[in-house]
Amino acid sequence: MKNDNNEFTENRAFKTVSFGEDNPLHGTYEECRFIHCNLNTTDLSGITFRNCSFESCDLSLARLRDTGFQDVHFLNCKLLGLNFSECRKLLLECRFESCMLKLSVFHQLDLRTTSFNDCNLQETDFTAADLSAAVFANCDLMRATFERTNLEKADFRSAFNYIINPENNRIRKARFRMPGVTGLLDIYDIEIE
């Protein structure tokens, strides 16, 4: 955890800033906007973001050990390979809209009611996560992993390319729509015409 100072930044907008070793982030950011910023491979360990938004930013492969995301909105961001399961679990709350989340990890996280809108979630790992009442609106879930995942009341009506094993996941009252619902039958190796 690198956050050993108590810096506090609020109500600031950071536009087209590249963050990294030469320009690190420190402390807590509250009600800040990050617009067209480059945080690719940046170490965000120990930093807290409260009521912040990231708009058209690249956070791919950023390090998230003990990072706090409290009511954070990601809009049109590139979030490739992020390991969200390393984030601080307390008060974790994010919304994702038009984001590239390929190869990201949400293992064992409490993501109840999280909204993913128009996101590319290919090969994302949701193993053992609580996604009850989450919304996957118009999301590509090709090769996403759902194992021991709570998907009760989750909304998959406009999601596509998902394969979910109903025997290994909790899907009670989850919402699906044809033809995507056939992704629940993939494990049975049957032909649907």
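Look a little higher up for the structure.
Here is a short report on the structure shown in this document.

Cut-offs and rules
- Residues numbered from 1 in each chain as written.
- Predicted model: local features only at pLDDT ≥ 70, side-chain atom pairs only at ≥ 80, totals over all residues.
- Heavy atoms only, no water.
- Helix = DSSP H or I, 4+ residues; strand = E, 2+ residues; numbered from the N terminus.
- Buried < 20%, exposed > 50% of the residue type's maximum accessible area, 1.4 Å probe, protein only.
- Contact = heavy atoms within 4.5 Å.
- Areas by Shrake-Rupley, 256 points an atom, 1.4 Å probe, with all protein chains shown as cover.
- Lys, Arg positive; Asp, Glu negative; His and termini not counted.
- Charge placed at Lys NZ, Arg CZ, Asp CG, Glu CD.
- Pairing = 2+ DSSP bridges.

Topic: the overall build of the protein
Then comes step 1: The helix and strand tally for the protein stands at zero helices and 10 strands.
Then comes step 2: Along the chain direction, N to C, the helices and strands of the protein fall in the order β-β-β-β-β-β-β-β-β-β.
Then comes step 3: Taken over the C-alpha atoms alone, the protein extends approximately 60 × 25 × 25 Å along its principal axes.
Then comes step 4: For the protein, the proportion of its 193 residues judged to be buried stands at 45%.
Then comes step 5: Excluding contacts between residues fewer than 6 apart, the proportion of contacts in the protein whose partners are at least 24 apart in sequence is 6%.
Then comes step 6: Working note: accessible area of the protein is about 9,900 Å², and carbon and sulfur atoms make up 45% of it.
Then comes step 7: Taking the average place of the 22 positive charges on the side chains of the protein and the average place of its 29 negative ones, the gap between the two points comes to 4 Å.

Description of the environment of alanine 144
Then comes step 1: Structurally, the position occupied by alanine 144 is in the segment after β10 (135-137).
Then comes step 2: A sequence separation of 40 residues divides alanine 144 from serine 104, and the C-alpha atoms of the two residues are 9.6 Å apart.

Quick word on the pairing of strand β8 (residues 93-97)
Then comes step 1: Side chains Cys94 and Phe96 project from β8 onto a buried face, and the interleaved Glu93, Arg95 and Glu97 project onto a face without burial.
Then comes step 2: Note that strand β7 (residues 68-75) and β8 share five bridges and pair parallel. Across the sheet, residue leucine 75 finds its bridge partner in β8, namely glutamate 97.
Then comes step 3: Sheet topology note: the β8/strand β9 (residues 115-117) ladder contains three bridges and is parallel. Directly across from glutamate 97, in β9, lies its bridge partner asparagine 117.

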